[in-house]
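Coordinate analysis (summary)
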Number of protein chains: 4
Amino acid sequence: MSKFLSDNAAPVHPKVWEAMRAADEADNPYDGDALSSELDARVTDLFGRDCAAMWVATGTAANCLALATMCQPHGGVVCHEEAHIEVDEGGAPGFYLHGAKLMLCSGEGAKLTPDGITALIDPIRDDVHQVQPHAIAITQASEYGRTYSADELEALSDFAKSRGLGLHMDGARFANAAAFLGGSAKGAAGPVDSLAFGFIKNGAMSAEAVVLFDPQQADLVKYRRKRAGHLQCKGRYLAAQILAMLDDDLWLANARHANAAAQDIASGCAERLMHPVEANELFVRLSAAEREALRAQGFEFYDWGADAARFVTAWNTRAEDASALGKVIASL
Amino acid sequence: MSKFLSDNAAPVHPKVWEAMRAADEADNPYDGDALSSELDARVTDLFGRDCAAMWVATGTAANCLALATMCQPHGGVVCHEEAHIEVDEGGAPGFYLHGAKLMLCSGEGAKLTPDGITALIDPIRDDVHQVQPHAIAITQASEYGRTYSADELEALSDFAKSRGLGLHMDGARFANAAAFLGGSAKGAAGPVDSLAFGFIKNGAMSAEAVVLFDPQQADLVKYRRKRAGHLQCKGRYLAAQILAMLDDDLWLANARHANAAAQDIASGCAERLMHPVEANELFVRLSAAEREALRAQGFEFYDWGADAARFVTAWNTRAEDASALGKVIASL
Amino acid sequence: MSKFLSDNAAPVHPKVWEAMRAADEADNPYDGDALSSELDARVTDLFGRDCAAMWVATGTAANCLALATMCQPHGGVVCHEEAHIEVDEGGAPGFYLHGAKLMLCSGEGAKLTPDGITALIDPIRDDVHQVQPHAIAITQASEYGRTYSADELEALSDFAKSRGLGLHMDGARFANAAAFLGGSAKGAAGPVDSLAFGFIKNGAMSAEAVVLFDPQQADLVKYRRKRAGHLQCKGRYLAAQILAMLDDDLWLANARHANAAAQDIASGCAERLMHPVEANELFVRLSAAEREALRAQGFEFYDWGADAARFVTAWNTRAEDASALGKVIASL
Amino acid sequence: MSKFLSDNAAPVHPKVWEAMRAADEADNPYDGDALSSELDARVTDLFGRDCAAMWVATGTAANCLALATMCQPHGGVVCHEEAHIEVDEGGAPGFYLHGAKLMLCSGEGAKLTPDGITALIDPIRDDVHQVQPHAIAITQASEYGRTYSADELEALSDFAKSRGLGLHMDGARFANAAAFLGGSAKGAAGPVDSLAFGFIKNGAMSAEAVVLFDPQQADLVKYRRKRAGHLQCKGRYLAAQILAMLDDDLWLANARHANAAAQDIASGCAERLMHPVEANELFVRLSAAEREALRAQGFEFYDWGADAARFVTAWNTRAEDASALGKVIASL
């Protein structure tokens, strides 16, 4: 049986386990411990610009806490109509932003562009009867496994600034995007204002980082993290996970592994791909019969509508499984 | 150095580590895994009445999600004026209950009584100008380490029912209370409607259980858990923690150990105690000079106002440390 | 100058003024006065089924308070993508429903159908990751001045019940719809669960009625009305407005007058109409030059996109103005 | 029958009626009309410093909208434990401030002092576990009819600034306070940041003004007023009320009348007064028998606990009624 269902249930990486065990020694509770205290510096170092970094247990919480620094309850957040925050977070933004509105934008590959956003928000009358946009949220890599290049990020940031909007990046698969884009965290984040830096899909157990490139906002996130019941008292175990992922660029190594597996599969089904493969997800046109045939051979994956399937690779995907899958699809 | 600061930063129990590692094998994400699916039955078994049990990473989230089943946004929750939900949760109930009000009641030992609550709520006019109580929240063991007996719980439940109020129990140190009260989970919970069953202070890493004795309400908690960003995708690691704590009553064994250490200390300072010791916390009258003397001998603890100290024992408190502390205080 | 901008700024009807002045005599504050106390019975009488009726100063508040009886904070309300609650209420539903989501449905004439709603909600996975619909909101007459027939309302209600959804009607122009549909309040409301019964656009100053056909829910609306700062202390002046509108069916007479004026205009521009005229709004294809010509002759109205205009008649529209407008358009 | 129940149900002043009728002529909807547009300048003129002024239908909404400019959802508002916003607004601050906390302070005459506030907030630990104060709300005149002098307001403002807190004034009976303090609006407001300027209890029907002395914040209030369903489409009728009250200082004349009546009563019961009479409310020690005797003679009023009564005068209290009441009490 080889699983390509999702990366979100993959095991915890051995080095992460090791780091967590090493954190067992009692220390200050909450985020007052030595490991949590390292985060700001370590993440600042990685991105090459000042930032505050705080652990939190889920990407949903990370996205929402970051968005709360840039969107008032009476404002709106522009996001793709298929964005995770709109489709798959159970209304969390409505909760954390106290009723703010998600403003849904279309765009190829679940990516936003200045033109697309302009088309959405320009018709909004500048009066109190209509919710005004306060922020933009993009996903890197996108919900279809597409990445934003440095130029695209620059353009989005310029646009956001020109409109007085914050710019947040949902980075549930940021590592995979960064790996695809050349390996620079800084480049893959571009000039966004905040990032939900994902580790869980990439080998951690329960730690993502809320990264604020304006560290002045850290207090807001810290008070709201506590208020949302997300300030764990044994926070050192979360910090340990993140630090382990950053050590020796484990985050990149894991993502490169997953991406390579994805490319391996892709090479067997280039003409069936619905989207270019730029991270660790593949959306592949496959009939019901073909999917059945694949499952009969032990491959697990999700259907994607009536005529396609989604395959996701992870840090622990075995190269031979990916290779086999590519070959089997090619042979269909 | 021997630490009596708090139980909230104690290491993870070896059996919990073991269970988490054993959960490494990929399974369904979120709470669709085999371990999470066991929770309802295991907790039902423990309490001897039907319940739904859901993991969540903090006591704050557990309390708030449970309270949301019994208090509308325009209502109020009666709690002790020194209750954790009022004093130490950063306003989380206001967030989770969408602006509902905490209605502060006095009571010895941070415990509530029907009489105390009556005195608080009877003067509330039954009109829309005043927030009406919808629920009562008690803490077992209380913020001063006091327990509610079976009779007291019965009386509170009868009172709550007679007034149409829900009754929730914050059980951050439920295990310690249960251990003190004879070891029955059922007895220590009494007829409450919901319980935030704490494991983290007692040897787990990041898992508490929201226990609803009306399983019909489980859906509300599940939707709101997701909405609050508390549905972890690798939930099996949280379920594993809870199950490990329930196996062979590890939860009780750990609590008994901590309680015994507390009694050991108490035996050295009976006349200095501000509250009877019924769990694993001691509030001890000690002058500044005495506290300094203790610290000079390597004991760590928090001041409690100007003339007292708080000592907390944990599952990993060494018997000799507790014993030594008791003796040193006795000798002051 | 003759104004067809909107009915929302029309003067107050003389009989409404008279009734307000007659309410000057001091009485109990809030809604404890004699006039407010009449509302339930008077509205029950009008609709021929039990209901609770409460005044409130705006349609926005009326809609939101009614929706709060049927949609939890974690749920969603299906409405038309051009519904007033989505487009023109400044995010009020997000505020009153504590972050619940509006789920946008398409449909001709800004009307919803069971088929349209089915297409929207059937793809929603029945899991906690996706916001589930709790209620449906329709507008009678719709944002394009279209009405729902008795059969259509029956079908929507059956559908809502079969899915366990509440059904609310935004009746900002309910009177105009009722007038068009034959004059029966009961028929125009059909079997909806709640109605925001509009009077302000139809001759009142500042009073709409929240009508709940399940009077058990009245308490929720009353507590939330106070909590939203909508319980005016001199509520008798609002009750007086509503009662004056109900007396001798002034509400119907005013609406019939406005509708007749609309028909008069329509008769001059049948082939230019974007929507059938079933209430007091006309959406008319007119080029920029034509609109300029109209304005030059003293007609005031809003542009509707680049190639059309919206005309709204009111209780005080002069018949000769409407007739003149129809003729001028016909002559273009 | 002479009524001293409350000023909140008094009739509308003839000049206010006149102004409302004069506003009948159609104008722009919402607050785009000529009258609403005058408010900023007129109120700026009155207070002698720049401000933005917006109508709203209730004091509850006015208070809450103003507080939203100075308190974040995770913060707190210090107010007196008997403040109207705590005791009598049905939890509205929790709703409008999205769960922020009211932090209850004691103080004689329902007044706050820097010392009292210091005693309340200094023990709050400066960490995320405890809700931090963001603002202070005082009531002028207070819930016991007491006023803040210019010096007291200066001291409170200095204190607020030194702690980084906003300072809001609930002015439901601001006119009565101003009349008592010498007749200067500026003096009675002192250097507060915002004021809910009450007119309804003083002769208007349904209009209070939210006054922001930092006009930059006006947008926030305007968006949230709409979002709360408080932007009435025929707003000119509310603006007309306020302007009529400001014309020729009707607001002061009405308040002086009410205050004089209160003093007249007070002169008959000086030794029975629970609080000095500085506005239009009297709290008078009267036994049950004495209250019965008063009622037997046609006086209406509320009991105030078991051994006292509250009398409130209004703009329309007849001098002879007040005088009679004073004499009857004197004779008891």
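Values in this document were obtained by computation on a predicted structure and should not be read as measured data.

1. Focus on the relation of the copies chain A and chain B
- Its rotation angle being 180 degrees, the transformation that places chain A on chain B also includes 0.0 Å of axial translation and leaves an RMSD of 0.0 Å. Read as a symmetry element, the transformation amounts to a two-fold axis. In terms of C-alpha distance to the rotation axis, chain A has A228 of chain A as its closest residue, with the C-alpha 3.6 Å off the axis.
- Taken together, the interface assignments show that 100% of the residues at the interface of chain A recur at the interface of chain B, consistent with an identical surface on both copies.

2. Here we look at the pairing of strand β5 (residues 132-139) of chain D
All names here are of chain D.
- When you tally the buried positions in β5, you get eight out of eight residues, the bulk of the element.
- In the sheet, strand β3 (residues 75-80) pairs with β5 via four bridges, with the strands oriented parallel. Counterpart to V77 in the pairing with β5 is A135.
- Here β5 pairs with strand β6 (residues 166-171) via five bridges, running parallel. Bridged to A135 within β6 is G166.
- Regarding the hand of the β-α-β motif, the stretch spanning β5, helix α7 (residues 150-163) and β6 is right-handed.

3. Here we look at the interface of chain A and chain B
- Contacts between the two partners involve 44 residues from chain A, matched on the other side by 45 residues from chain B.
- For the chain A and chain B pair, buried surface summed over both sides reaches about 3800 Å², with 58% attributable to carbon and sulfur atoms.
- The three residues of chain A that bury the most area against chain B are W17, F95 and K234 of chain A, which together make up 20% of that side's buried surface.
- Our count for the chain A to chain B interface comes out at zero salt bridges.
- For the pair chain A and chain B, the number of links is 29 residue pairs in polar contact (both at pLDDT 80 or more).
- Counting residues per element, the ones that place at least two in the side of chain A that touches chain B are α1 (14-22), α3 (59-67), α5 (92-96), α10 (218-227) and α11 (236-246) of chain A.
- Per-element tally for the side of chain A that touches chain B: the top contributor is α5 of chain A, with four residues.
- Residues belonging to the side of chain A that touches chain B are distributed by class as follows: 21 nonpolar, 13 polar and ten charged.

4. Focus: the packing of aromatic side chains
- Summed over all chains, the structure comprises 66 aromatic pairs over all chains.
- Ring plane angle 80 degrees and centroid distance 6.0 Å describe the contact between Y144 of chain C and W304 of chain C, whose orientation is recorded as edge-to-face. With Y144 of chain C in the loop between β5 (132-139) and α7 (150-163) and W304 of chain C in the loop between β11 (302-303) and β12 (308-312), this pair connects stretches of sequence that are 160 residues apart.
- A relative accessible area of 9% places Y144 of chain C in the buried class.
- Their ring planes at 10 degrees and their centres at 6.2 Å tell us that F174 of chain C and W251 of chain C sit as a pair that is stacked. With a gap of 77 residues between them, F174 of chain C in helix α8 (residues 174-181) and W251 of chain C in helix α12 (residues 250-266) connect regions that are remote in the sequence.
- Clustering of aromatic rings is evident, with ring pairs tying together F47, F174, F197, F199, F213 and W251 of chain A.
- Between the NZ or CZ atom of R295 of chain A and the centre of the ring of F301 of chain A, over which it lies, the distance is 4.0 Å.

5. Brief notes about the interface of chain B and chain C
- Taken together, the contacts link 20 residues of chain B with 20 residues of chain C.
- When chain B packs against chain C, the two sides together hide about 1800 Å² of surface, and 63% of this comes from carbon and sulfur.
- Among the residues chain B hides against chain C, the three largest losses belong to H74, V128 and Y223 of chain B. Together they make up 39% of the total.
- At the junction of chain B with chain C, the criterion picks out zero salt bridges.
- Element by element, the count of residues in the side of chain B that touches chain C is highest for helix α10 (residues 218-227) of chain B, at six residues.
- Residues belonging to the side of chain B that touches chain C are distributed by class as follows: seven nonpolar, seven polar and six charged.

6. Side note on the UniProt feature "domain: Aromatic amino acid beta-eliminating lyase/threonine aldolase" (unreviewed entry) in chain A
- As annotated in UniProt, the feature "domain: Aromatic amino acid beta-eliminating lyase/threonine aldolase" (unreviewed entry) corresponds to residues 4-286 of chain A in the numbering used here.
- Counting secondary structure, residues 4-286 of chain A comes out at 40% helix and 16% strand; the distance between its end C-alpha atoms is 15 Å.

7. Some thoughts on the relation of the copies chain B and chain C
- Superposing chain B onto chain C takes a rotation of 180 degrees combined with a translation of 0.0 Å along the rotation axis, leaving an RMSD of 0.0 Å.
- Comparing contact sets, 100% of the residues at the interface of chain B also lie at the interface in chain C, consistent with an isologous, same-surface contact.

8. Quick notes on the domain arrangement of chain A
Residues and elements named next belong to chain A.
- When the domains of chain A are assigned, the result is domain 1 (2-8 + 252-331) and domain 2 (14-249).
- Computed over C-alpha atoms only, the centres of domain 1 and domain 2 are separated by 27 Å.
- Counting residues at the interface gives 22 residues for domain 1 and 22 residues for domain 2.
- In this assembly, domain 1 packs against domain 2 so that about 1900 Å² is buried in total across both faces, 51% of it on carbon and sulfur atoms.
- Taken together, domain 1 and domain 2 are joined by three salt bridges.
- Between R173 and D7 there is a salt bridge; the shortest N-O distance is 2.8 Å.
- The tally of links from domain 1 across to domain 2 stands at ten residue pairs in polar contact (both at pLDDT 80 or more).
- Going through the elements one at a time, α12 (250-266) and β9 (281-285) are the ones with two or more residues in the side of domain 1 that touches domain 2.

9. Description of the nonpolar core
- If you look at the biggest cluster of nonpolar residues, it comprises 132 residues, and the most contacted ones within it are F174 and W251 of chain C together with F174 and W251 of chain D.
- Leaving out residues up to four positions away in the same chain, W251 of chain C has contacts with L46, F174, A175, A178, A185, F197, F199, N202, M245 and L246 of chain C.
- Counting residues in hydrophobic clusters, the runner-up holds 130 residues, among them F47, L195 and L246 of chain A together with M169 of chain B.

10. Observations concerning the side chain of H134 of chain C
Residue and element names in this part refer to chain C.
- Tracing the backbone shows H134 in strand β5.
- Relative accessible area serves as the criterion here: at 18%, H134 is assigned to the buried category.
- Contacts of H134, omitting those with residues within four sequence positions, involve M70, C71, Q72, H74, G75, G76, G164, L165 and G166.

What counts as what
Residues numbered from 1 in each chain as written. Chains lettered and ligands numbered in written order. Predicted model: local features only at pLDDT ≥ 70, side-chain atom pairs only at ≥ 80, totals over all residues. Heavy atoms only, no water. Least-squares fit on C-alpha atoms with pLDDT ≥ 70 in both. Contact = heavy atoms within 4.5 Å. Buried < 20%, exposed > 50% of the residue type's maximum accessible area, 1.4 Å probe, protein only. Helix = DSSP H or I, 4+ residues; strand = E, 2+ residues; numbered from the N terminus. Pairing = 2+ DSSP bridges. Right-handed = clockwise from strand over helix to strand, strands pointing away. Buried area = accessible area lost by both parts, 1.4 Å probe. Salt bridge = Lys/Arg side-chain N within 4 Å of Asp/Glu carboxyl O. Polar contact = N/O pair within 3.5 Å; in protein donor to acceptor, adjacent residues only side chain to side chain. Nonpolar A, V, L, I, M, F, W, Y, C, P; charged D, E, K, R; others polar. Phe/Tyr/Trp six-rings, centres within 6.5 Å; stacked < 30°, edge-to-face > 60°. Lys NZ or Arg CZ within 6 Å of the ring centre and 35° of its normal. UniProt positions renumbered as here; feature names shortened; annotations may be inferred. Domains from an automatic or database assignment. Core = buried A, V, L, I, M, F, W, Y, C linked by side-chain atoms within 4.5 Å.

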